[in-house]
Amino acid sequence: MGLGLRWTLHGDGRTPAPGAVVRPDERLSWPRTAGLGAQHVVAMFGATFVAPVLMGLDPNLAIMMSGVATMVFLLMTRGRVPSYLGSSLSFVGVAAAIRASGGDSATITGALLVVGVVLLLAGLVVQRFGARVIHAVMPPVVTGAVVMLIGFNLAPVTASTYWPQDQWTALLTMLFTGLAVVALRGFWSRVAIFLGLVFGYVVSWAMDRLFGKIHSPAGGGEAVDHWRLDLSGVSEADWIGLPSLHAPEFQWSAILVALPVVIALIAENAGHVKAVGEMTGDPLDDELGTAIGADGAATVLSTAVGGPATTTYSENIGVMAATRVYSTAAYWAAACFAVLFGLCPKFGAVIAAIPGGVLGGITVILYGMIGLLGAQIWLAGRVDLRNPLNLVPVSAGVIIGVGGVSLEITDSFELNGIALGTIVVLTGYHVLRALAPAHMRAQEPLLDEGTSSYDTEAADGGADGAAGAEDADGTGPGKR
């Protein structure tokens, strides 16, 4: 297939025949392909710009680099794995922890770049030795715990930074978003977070008109009088221009905080490859290592210029399921649209104006969903938490990660939160497993089984988290 840049026309180029699908190496007519690309942009849009906003990075650059990252992914997988790479929300807690310890955007992107390198190396290992070598180290009990502590570690950010800026807008936004996630169907359910942001935007504007300025902390600082929605920067922004770029900066303390997220990214990629293979009828076991490595390479490229880390998006799996079009040509169109969006500073200014209260309402649900994805991994992997071998390291690691417990190594270096919690779960599980009696060490399902069997049970609940599989039928809100 070469680089996957050649597509044969499917049928008459208009719509798939009844019961047929448009395969990755096929396409519809170019106008229809462009339209499908636009749908993919809308599907990924909400999470892709929410992530950099929450991390304090440039959303314009994130959108643009998501397009570039998608192109890199499609080239490296030779067009076999239709996927969009957007901003990863798994690093929001990492960014908050790094900023809390005095780091800035350069420190964050430096730590994320190292994670990308490790992910790339993990992909090469999987490609060489098979997926089991990775999953034996990270069984569902470990993966689920790490994903859980990454999500729940974010709770103080919502409670202390976003929610206090406008509690009533936050409450209304939370209620609307929750209703949208549950009540809407198909495409609209997959963009529920985006709809919640739009709703909060409108509510903030209306409250400014009705009640005037609000007296509250602005951006987590001192309480002052300020407008909920400040659009002054939008009028000053240009229509066309490059987003702000910056070089990464490397600090060991920040890198150690970020490295545990590699576990979540490997799980996300494994689930994505499994879901796409199931939907297209083309098992992609042999592409798992390539897909993981491609995501790592894309992350390195994005963070090298100041953008966020990337990951495969289940939101776009839902679009493919709804349209039965798996053509990578549509993803190339989406990537081109994203690059054009990133070159519009006025668009970035609109995003930067999102009120803190709106983010408070969104993050209450979003952070909780990330954390509970860890519990779903346990359920899918049949993890028995009655077994002390599983219960002890998970209990200790989750409490350390969520509570921000610290371990001072030297006067200038300490482990805390996500990093320390992950180390406790990972090393604790394997050390205890080596010492535990035989009846506690009964073999549990590995993530690899869900990636290689392609049976109905595995497709319904992969160990990477249910959101990817849930979105495969077009009903889930996404996994980010």
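Just so we're clear, the structure is a prediction, and the values are computed from it rather than from any experiment. (Residues numbered from 1 in each chain as written. Predicted model: local features only at pLDDT ≥ 70, side-chain atom pairs only at ≥ 80, totals over all residues. Heavy atoms only, no water.)

**Points about the packing of aromatic side chains**
So, step 1. Counted by the stated rule, this structure contains two aromatic pairs.
So, step 2. Consider the rings of W7 and W30, whose centres lie 6.0 Å apart with planes at 85°: the pair is edge-to-face. Taken together, the residues W7 in the segment before β1 (8-9) and W30 in helix α1 (residues 30-55) connect sequence positions 23 residues apart.
So, step 3. On the basis of an interplanar angle of 5° and a centroid distance of 4.2 Å, the ring pair of F176 and F199 is categorised as stacked. Separated by 23 residues along the polypeptide, F176 in helix α8 (residues 167-183) and F199 in helix α10 (residues 192-211) bring together distant segments of the chain.
So, step 4. Overall, the relative accessible area of 26% leaves F199 in the partly exposed class.
So, step 5. Here R128 stacks its cationic end above the ring of F129, 4.9 Å away from the centre of that ring.
So, step 6. Between the NZ or CZ atom of R209 and the centre of the ring of W227, over which it lies, the distance is 5.8 Å. (Phe/Tyr/Trp six-rings, centres within 6.5 Å; stacked < 30°, edge-to-face > 60°. Helix = DSSP H or I, 4+ residues; strand = E, 2+ residues; numbered from the N terminus. Buried < 20%, exposed > 50% of the residue type's maximum accessible area, 1.4 Å probe, protein only. Lys NZ or Arg CZ within 6 Å of the ring centre and 35° of its normal.)

**As for the nonpolar core**
So, step 1. The biggest cluster of nonpolar side chains holds 100 residues, and the ones touching the most others in it are L54, F91 and V94.
So, step 2. With eleven residues, helix α13 (residues 261-280) is the single largest residue contributor to this core.
So, step 3. Inspection of this core shows a minimum of three residues originating in each of domain 1 (24-231 + 238-383) and domain 2 (384-441).
So, step 4. With five residues, the next largest nonpolar core counts V22, L28, V325 and A330 among its residues. (Core = buried A, V, L, I, M, F, W, Y, C linked by side-chain atoms within 4.5 Å. Domains from an automatic or database assignment.)

**Looking at the side chain of T310**
So, step 1. Along the chain, T310 turns up in strand β6 (residues 310-312).
So, step 2. On the basis of relative accessibility, which here comes to 2%, the residue T310 falls in the buried class.
So, step 3. Ignoring any residue separated from it by four or fewer positions in sequence, one finds T310 in contact with A69, L85, G86, S88, L265, D295, A298, T299 and S302. (Contact = heavy atoms within 4.5 Å.)

**Looking at the environment of V300**
So, step 1. You can see V300 is positioned in helix α14 (residues 288-304).
So, step 2. Residues V300 and L119, 181 residues apart in the sequence, show an inter-C-alpha distance of 9.5 Å.

**Here's the deal with α13**
So, step 1. The first and last C-alpha atoms of α13 sit 29 Å apart over 20 residues, in line with the 28 Å expected at 1.5 Å per residue.
So, step 2. Most of α13 is tucked away, with 19 of its 20 residues classed as buried.
So, step 3. Note on α13: the residue one or two positions beyond its end, G281, has a positive phi of about 75°. (Expected span 1.5 Å × (residues − 1).)

**Things to note about the pattern of salt bridges**
So, step 1. Scanning all chains against the criterion turns up five salt bridges.
So, step 2. Ionic pairing is found between R80 and E287, a salt bridge with its closest N-O pair at 3.2 Å. Here R80 is found in the loop between α2 (59-76) and β3 (85-87), whereas its partner E287 is found in the loop between α13 and α14, with 207 residues between them in sequence. Just as R80 is buried, E287 falls in that class too. (Salt bridge = Lys/Arg side-chain N within 4 Å of Asp/Glu carboxyl O.)

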